[in-house]
Amino acid sequence: TRSRIIMTVKRRNHGRNRKGRGNIGALVVCDGCGCKPPKDKAIKRFQVRNIVDNSSMRDIREASAYEIYTVPKIYMKTQYCVGCAVHRR
């Protein structure tokens, strides 16, 4: 009789996000190193930042003719490979 050894699984989804889709053909470019991980394996982060920093914002507010002025924000969607996402944590 042969005993079958079952390997342990680290993640239920095997580090991917492709339930029931078979093959994900699209590759995305990592914003950290430029490699091309599959779209479902890439780690996505959505960054919302002000266009100017706080000290410059204070200067703009003092020099502005408007009393209430909201400075626009930058919305960036970044996609990282697993190595870059771990490194940037």
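What you see as residue numbers is a count from 1 along each chain, following the sequence as written. Reporting in this predicted model follows two pLDDT cut-offs: at least 70 for local features of residues, and 80 or more for side-chain atom pairs to be given and counted; totals over whole chains, interfaces and linings ignore these cut-offs and use all residues. No hydrogens and no water enter the side-chain calculation; it runs on all heavy atoms of the structure.

S.K.: Is there a simple way to explain the overall build of the protein in this structure?
M.R.: Helix and strand definitions here come from DSSP, where helices need a minimum of 4 consecutive H or I residues and strands a minimum of 2 consecutive E residues; each element is numbered from the N-terminal end. Regarding its fold elements, the protein presents two helices and two strands. N-terminal to C-terminal, the α/β element order of the protein is β-α-β-α. Relative to the compact-globule value of 12 Å for 89 residues, the protein shows a C-alpha radius of gyration of 22 Å, a clear excess of over 25%. Over its C-alpha atoms, taken along the principal directions, the protein stretches across nearly 85 × 25 × 25 Å. At a minimum sequence separation of 6, the contacts of the protein that also span at least 24 residues come to 59%. To measure how exposed things are, a 1.4 Å probe is used in the Shrake-Rupley method; for residues, cover is taken only from the protein chains shown. When the accessible area of the protein is evaluated, it comes to approximately 8200 Å², of which 51% is carbon and sulfur surface. Computation of the radius of gyration draws on C-alpha atoms alone. For the globule rule, the value is 2.2 Å times the number of residues to the power 0.38. Throughout, a contact is declared for two residues whenever any of their heavy atoms are within 4.5 Å.

S.K.: Where do I start with the nonpolar core in this structure?
M.R.: Soluble globular proteins: nonpolar side chains tend toward being buried together. Only buried residues count toward a nonpolar core. Its members are Ala, Val, Leu, Ile, Met, Phe, Trp, Tyr and Cys residues joined through side-chain atoms within 4.5 Å. Note on classification: 1.4 Å probe, protein chains only; a residue is buried when its accessible area is under 20% of the maximum for its type, exposed when over 50%, partly exposed between these limits. By size, the foremost hydrophobic cluster in this structure holds five residues: C30, Y80, C81, C84 and A85. In this view, C30 contacts C35, P37, Q79, Y80, C81 and C84; residues no more than four positions away in its chain are not counted.

S.K.: Any chance you could explain the environment of V52 here in plain terms?
M.R.: With respect to the helices, strands and loops of the structure, V52 is situated in the loop between β1 (43–50) and α1 (54–63). Overall, the relative accessible area of 22% leaves V52 in the partly exposed class. Taking the C-alpha atoms as reference points, V52 and R21, separated by 31 residues in sequence, lie 42 Å from one another. Discounting residues that sit within four places of it in the chain, V52 has contacts with M57, I60 and V71.

S.K.: Looking at this model, I keep getting lost on unusual backbone geometry. Mind explaining?
M.R.: Leaving glycine out, the prevailing phi sign among residues is negative, and the prevailing peptide bond configuration is trans. A positive phi angle, close to 55 degrees, is found at H14, a residue other than glycine. Mapped onto the elements of the fold, H14 is located in the segment before β1.

S.K.: For this particular structure, what's the right way to read a positive patch on the surface?
M.R.: Residues R21, K39, K44 and K77 make up a contiguous surface patch of positive charge. For K44, the location among the structural elements is in strand β1. Relative accessible area serves as the criterion here: at 32%, K44 is assigned to the partly exposed category. Patch construction takes residues with relative accessible area above 30% that form no salt bridge. Like charges are linked within 9 Å, and nonpolar side chains (Val, Leu, Ile, Met, Phe, Trp, Tyr) are linked within 5 Å. The salt bridge definition used is simple: a Lys or Arg side-chain nitrogen within 4 Å of an Asp or Glu carboxyl oxygen. Positive charges come from Lys and Arg alone, negative charges from Asp and Glu alone, with His and the N- and C-terminal ends not counted. Charge positions are represented by NZ for Lys, CZ for Arg, CG for Asp and CD for Glu.

S.K.: I would appreciate a short explanation of the side chain of Q79 in the present structure.
M.R.: On the secondary structure map, Q79 appears in strand β2 (residues 73–80). Beyond its immediate chain neighbours, meaning those up to four positions away, Q79 contacts V28, V29, C30, D31, I43 and K44.

S.K.: I keep staring at a nonpolar patch on the surface and nothing clicks. Help me out?
M.R.: A grouping of F46, V48 and Y75 is seen on the molecular surface, where their side chains present a nonpolar patch of about 360 Å² in accessible area. By the element assignment, F46 lies in strand β1.

S.K.: Looking at this structure, how should I read the confidence of the model for the protein?
M.R.: A low pLDDT score tells you not to read the predicted coordinates there in detail. pLDDT is a per-residue confidence score from the predictor, ranging from 0 to 100. Confidence in the prediction of the protein, expressed as mean pLDDT, is 90, and 99% of residues score 70 or more. Within the protein, α1 has the poorest average pLDDT of any element, 87, and β2 the best, 95.

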